[in-house]
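Residue-level structure breakdown
This is what each chain is made of:
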Amino acid sequence: RQQDERTRKITQDLVKRGQLSFTNGGWCMHDEAAPFYLDMIDQTTLGHKFLMDEFGFAPKTGWQLDPFGHSSTQAALLSAEVGFTGLFFGRIDYQDLDLRRDPENKKAEFV
């Protein structure tokens, strides 16, 4: 909402064509800024509402990067509760990241 109309239109078109996608879609990362169950629900709802209002988009995958561990409610909330079909916990290994960033390597790329 802070971008000019031209930038918003370009971004909306990228999302509509499937060239830009969103994972998780929450307003902030769980367990970092919203550690309580109701806060997790509220911030996820707020983020998903924004994506739907701005782009007509609902995330189908979740990603939770928390270097200090995950709460017991995390997997339950970020699965069937919000309609996700996939959920990833953790960080990418530095060797895997280097491999994927290598422009000569076409076998492992980000999807």
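Note: the structure precedes this text.
Attention in this report is confined to the structure presented alongside it.

**Brief notes about the pattern of salt bridges**
The tally for this structure, following the rule as stated, stands at 4 salt bridges. Across the pair Glu-54 and Arg-8 runs a salt bridge, and its minimum N-O distance is 3.0 Å. One end of the pair, Glu-54, is in helix H2 (residues 37-55); the other, Arg-8, is in helix H1 (residues 5-16), and 46 residues separate them in sequence. Among the salt bridges present, the one from Lys-49 reaches Asp-53, with a minimum N-O distance of 2.7 Å. Pair noted here: Lys-49 and Asp-53 are both in helix H2, with a separation of 4 residues, about one helical turn. Put simply, Glu-5, Arg-8 and Glu-54 are held in one network by salt bridges that share partners.

**Structural notes on the environment of Phe-36**
Inspection of the secondary structure puts Phe-36 in the loop between H1 and H2. Residue classification places Phe-36 among the exposed residues on the basis of a relative accessible area of 58%. Along the primary structure Phe-36 and Thr-73 are separated by 37 residues, whereas in three dimensions their C-alpha atoms are 9.2 Å apart.

**Focus on the environment of Ser-79**
Note that Ser-79 resides in the loop between helix H3 (74-77) and strand S2 (86-89). Residues Ser-79 and Lys-60, spaced 19 residues apart in sequence, show a C-alpha to C-alpha distance of 9.1 Å.

**Notes on the packing of aromatic side chains**
Going through the model one piece at a time under the given rule, you end up with 3 aromatic pairs. Centre to centre, the rings of Phe-22 and Phe-55 are 5.3 Å apart; their planes meet at 35°, and the pair counts as tilted. Of the two residues, Phe-22 is situated in the loop between H1 and H2 and Phe-55 in helix H2; the sequence distance between them amounts to 33 residues. What makes Phe-22 partly exposed here is its relative accessible area of 23%. These aromatic residues form a ring-pair network of at least three members: Phe-22, Phe-50, Phe-55 and Phe-57.

Thresholds, definitions, all that
- Residues numbered from 1 in each chain as written.
- Predicted model: local features only at pLDDT ≥ 70, side-chain atom pairs only at ≥ 80, totals over all residues.
- Heavy atoms only, no water.
- Salt bridge = Lys/Arg side-chain N within 4 Å of Asp/Glu carboxyl O.
- Helix = DSSP H or I, 4+ residues; strand = E, 2+ residues; numbered from the N terminus.
- Buried < 20%, exposed > 50% of the residue type's maximum accessible area, 1.4 Å probe, protein only.
- Phe/Tyr/Trp six-rings, centres within 6.5 Å; stacked < 30°, edge-to-face > 60°.

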